[in-house]
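Read off the chains here:
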Amino acid sequence: MPSEPLDASHPSPVGSGSAPSQGEPTPAERTTGSPAERTTGSPAERTTGLPAEPSRPAPSAPLQSGSTRRTIDRSIARLAIPALGALIAEPLFLVVDSALVGHLGMAPLAGLAVAGAILQTAVGLMIFLAYSTTPLVARRRGAGDVRGAVQAGIDGLWLALGIGAVVGTALWFLSEPLIAAFGVAPDAAEQARIYLSISCAGIPAMLVVFAASGLLRGLQDTRTPLTVATIGFAINAVLNWWFIYGLGLGIGGSALGTVIAQWGMVAVYLLVIVRHARRAGAGFLPRRDGLGHAGRSGGWLFVRTLGLRAALLATVFAATSHGTAATAGYQIVFTIFSTAAFALDALAIAAQALIGDALGARNAARARFVTRRSIFWGVSCGIVFGLLLAASSPVLGRVFTSDPAVLAILTPALLVLGISLPLGGLVFVLDGVLMGAGDARYLAWTSVLNLAVYLPILWALTVLVPSGAPALVALTAGFTIVFMLARAVTLGLRTRGGRWVRLGA
């Protein structure tokens, strides 16, 4: 709503209860950097207990060596490869829904596009539950406070459950007016209503999964989320096929199968986290100060996500103005974009955990070196994914639909999407770096700025470009190139400076 470890040290499988040691920096890595970075802080920091605003630190010479570059690359890969599998599995829930529902006809697929946009907007706004938990846990882990790291994650789980219950209930009551706001045809609106009303029962589970995965990623355990997501995806695919075609439940069967799979994932996560809590000596009940901290750190990220979701939602509105074929076509484009974005976001997950850990250990030089290597891999992977998408664009649409009107306009839009993916790789990595650093306020304000740049351009593309293939191409280019370029500029300017480098837990 997109392997073997490169190090012998790694977390145990699901349910083992052992604390993850994957990616633990060596003593040499902990002390890499200038002498100032290896101290416990400035006199002001030691007096107040708070990190001073740093000037832009210069990376130390040892971090320029080839051996250190390989060490950083191995750390990124150790986290990113399992995260890649987990992140791909998450949007594959939507891919399965789109592929199975798409063969029911144009109206169910258009209905899924509308319901999916509403559902992903509501749930996606709460992604801060993972994004705020990961750096907080990572910083405390980097500072050597494992108990505090796990406790912060548990506080996030309770916050996620409470928010999920409220959001799910509110969305159920508001489903009909929200769908009506899209102005789709009555048959597509009815399909959207069926899917959305059932999916509301899974919203609390989705948010708990966000927080649980954020906790484990902060502990540099990306293998458990991979295992849970893989099992969840397999169960979701089987249940959806059975409910849709075996029991003849139509689009409602797709929603029901996904809800069951999501709550199953929650059960597995809780088993793992209870074992971590017992091992670290953390409590199972939420703490008032912990909930407050999670809420404050997530508040700015909520604003940041609100800007992104507003851009996505505005693009769906623009697609509906061009008719059912364009709406269905955009649903397919967005599904593929989401899969590629989640895959590239694996590098951002690795950056979040490694940046938070380095800054918690007061190693600014290592944080900057992780940033540079993450950017390199983000752009490189974007090029590879873009070439693969461009090569498969003439036939890829048939996986999702057999409708000739939709297939006729799809290929050029998929080519544009493939061209944009290197830019996307850069944006996702820079986003992860600043999240790992806890630079949430900057991310919030620039998200609003980027939206202000994008909306007038989107309006012009909607009004001036004719319907059919040109409209779908224009909408795809508007979001994946214009909007993402605005994000690249604002994120790039920030990472070139030093204000995001805040040391200590």
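The structure presented is a predicted model; accordingly, all values stated were derived computationally and were not measured.

*Asks:* For this particular structure, what's the right way to read the overall build of the protein?
*Replies:* Each helix and strand counted, the protein has 17 helices and zero strands in total. Across the 505 residues that make up the protein, the buried fraction comes to 57%. Summed over its atoms, the accessible surface of the protein is roughly 19,200 Å², and 70% of this surface lies on carbon and sulfur atoms.

*Asks:* Got a minute to help me understand a nonpolar patch on the surface in this structure?
*Replies:* Together, Leu104, Trp241, Trp242, Tyr245, Leu247, Leu249, Leu256 and Ile260 line one region of the surface with nonpolar side chains, adding up to about 760 Å² of accessible area. Residue assignment for the nonpolar patch shows that the elements contributing at least two residues are helix H10 (223-246) and helix H11 (251-280). The element contributing the most residues to the nonpolar patch is H10, with three residues. Structurally, Trp241 can be placed in helix H10.

*Asks:* Quick question: what am I supposed to make of the nonpolar core here?
*Replies:* For soluble globular proteins, the rule of thumb is that nonpolar side chains tend to be buried together. Ranked by size, the top nonpolar core spans 133 residues in total, and within it Leu119, Leu129, Leu171, Leu207 and Ile355 carry the most contacts. The leading source of residues in this core is helix H13 (residues 324-360), at 20 residues.

*Asks:* Which parts of the structure should I look at to understand the packing of aromatic side chains?
*Replies:* Across all of its chains, the model carries eight aromatic pairs by this definition. Seen from their ring centres, Phe337 and Phe479 are 5.5 Å apart, and the 85 degrees between their planes marks the pair as edge-to-face. Remark: Phe479 occurs in helix H17 (residues 469-496) and Phe337 occurs in helix H13; sequence separation between them is 142 residues. In terms of burial, Phe337 and Phe479 fall into one category: buried. Considering the side-chain rings of Phe479 and Phe483, the 5.4 Å spacing of their centres and the 25 degrees angle between planes classify their relative orientation as stacked. Separated by four residues within a single helix, Phe479 and Phe483 lie in helix H17, roughly one turn from each other.

*Asks:* Explanation requested: the pattern of salt bridges in the structure shown.
*Replies:* Should their charged atoms come close, side chains of opposite charge can pair. Inspection of the entire model under this criterion finds seven salt bridges. Among the ionic pairs, Arg494 bridges to Asp439, the shortest N-O distance being 2.7 Å. One end of the pair, Arg494, is in helix H17; the other, Asp439, is in the loop between helix H15 (404-436) and helix H16 (440-464), and 55 residues separate them in sequence. The same class applies to Arg494 as to Asp439, namely buried. A salt bridge links Arg502 to Asp439; the nearest nitrogen and oxygen atoms lie 3.5 Å apart. Placement of Arg502 in the segment after H17 and of Asp439 in the loop between H15 and H16 is noted, with a sequence separation of 63 residues between them. With a relative accessible area of 26%, Arg502 lands in the partly exposed category. Overlapping salt bridges bring together Arg304, Asp431 and Arg487 as one network.

Calculation criteria
Residues numbered from 1 in each chain as written. Predicted model: local features only at pLDDT ≥ 70, side-chain atom pairs only at ≥ 80, totals over all residues. Heavy atoms only, no water. Helix = DSSP H or I, 4+ residues; strand = E, 2+ residues; numbered from the N terminus. Buried < 20%, exposed > 50% of the residue type's maximum accessible area, 1.4 Å probe, protein only. Areas by Shrake-Rupley, 256 points an atom, 1.4 Å probe, with all protein chains shown as cover. Patch = residues over 30% accessible without salt bridge, like charges linked within 9 Å, V, L, I, M, F, W, Y side chains within 5 Å. Salt bridge = Lys/Arg side-chain N within 4 Å of Asp/Glu carboxyl O. Core = buried A, V, L, I, M, F, W, Y, C linked by side-chain atoms within 4.5 Å. Phe/Tyr/Trp six-rings, centres within 6.5 Å; stacked < 30°, edge-to-face > 60°.

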